Amino acid sequence: MINIMLLIFLVVFVMVYWRLDDIKRYFWQRKYQQQSLSRADKKVLLKYMPIYRNMTDRDREKLEKHIVWFLGEKNVLGRDGLKVTRPMALIIAADACLLVINQAWPLYPNVKEILLYPSQYYAPQTNKDSAGLVSYHTAVRQGESWPGGTLVLSWHDVLEGNRLPGDGHNLVFHEFAHQLDQQAGNTNGTPELPKEISYKRWGDVLGRAYSQLKTQLAYHMPHVIHEYGATNEAEYFAVLTETFIEKPIELKQENPELFNLLVSYFRFDPRDWLGRAV
């Protein structure tokens, strides 16, 4: 009798564990389905997020639902005396949720908190040279993404990223792209891929594009992707994400294969959000 009860318990446990996200999603739907952004919230997004202004009503609705969930599940905490207001958290959530606008909850399952500084901040840094000598110093940073689920952002640079929507720089896009990358377990420029994209294809296409950027920089050739993307494969993916969303036409012209692969991965085409009147 005891063995039968243990077997039943084990079967139930496995079933619950296997469908855990579906169970959570059911309760999240019940919790958030009646919630929506206020008129004041939408005015903030219309003022500070140009992409939101250019979206179709359907895409805005999807983004708004994600924002409601994000603000209900993630903590945005001020640092260095900064008091985080509703509009500040709203803008960060909107930028973060844009990357996963066509994905189902949970969004960014590893993210627990976002630490927000007023502007660029000092962070301790450790370097190790070829002889094994370790040095410690501080570096000025705009943001960081930690595998443990914490992001650090400069509020000044968050605003700048939205103020200039076509310059290829957006701090929130960049750091949350790192989180997408880190969901796969390693920070190497290869996030978890949908089943229609093979890891071999991803590696081949991004590997060629990464090498192309380094060649362009070495020979002082024109390039649409910012030079910081040549730092390593992880930074390449983060910078590429910024470029894909903010300079989609230029990226498509420079590397159609890469652009089309990113459309398949992110499940949206950012060209749809260019220049549409509200």
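Above this text you will find the structure in question.
Residues numbered from 1 in each chain as written. Predicted model: local features only at pLDDT ≥ 70, side-chain atom pairs only at ≥ 80, totals over all residues. Heavy atoms only, no water.

Caption draft 1: Region of interest: the sheet that holds strand β2 (residues 113-117). Taken in spatial order, the four strands line up as β1-β2-β6-β5 in an open sheet, and their pairing is mixed. Lying at the two open borders of the sheet, with one neighbouring strand each, are β1 (75-78) and β5 (143-145). With direction set aside, neighbouring strand axes in the sheet form an average angle of 20 degrees. Pairing of β2 with strand β6 (residues 150-154), which is carried by five bridges, proceeds in the parallel orientation. The residue bridging L116 from the neighbouring strand is L153, located in β6. (Pairing = 2+ DSSP bridges. Helix = DSSP H or I, 4+ residues; strand = E, 2+ residues; numbered from the N terminus. Axes fitted to C-alpha atoms, helices over the stretch in contact; angles between N-to-C directions.)

Caption draft 2: Structural view of the nonpolar core. Counting residues in hydrophobic clusters, the biggest one holds 72 residues, and the most contacted among them are Y108, F176 and L258. Not counting the four nearest positions on each side in its chain, L258 is found in contact with V205, L206, A209, I225, Y236, L240 and L251. Counting five residues, the second largest nonpolar core, distinct from the first, contains L115, Y121, A123 and V152. (Core = buried A, V, L, I, M, F, W, Y, C linked by side-chain atoms within 4.5 Å. Buried < 20%, exposed > 50% of the residue type's maximum accessible area, 1.4 Å probe, protein only. Contact = heavy atoms within 4.5 Å.)

Caption draft 3: Expanded view of unusual backbone geometry. A cis amide bond, omega 0 degrees, links W105 with the succeeding residue P106. As for its position among the elements, P106 is in the loop between α6 (86-98) and β2. Even without being glycine, D80 reaches a positive phi, approximately 55 degrees. Backbone geometry places H220, a non-glycine residue, at a positive phi of 55 degrees. Tracing the backbone shows H220 in the loop between α9 (199-218) and α10 (233-246).

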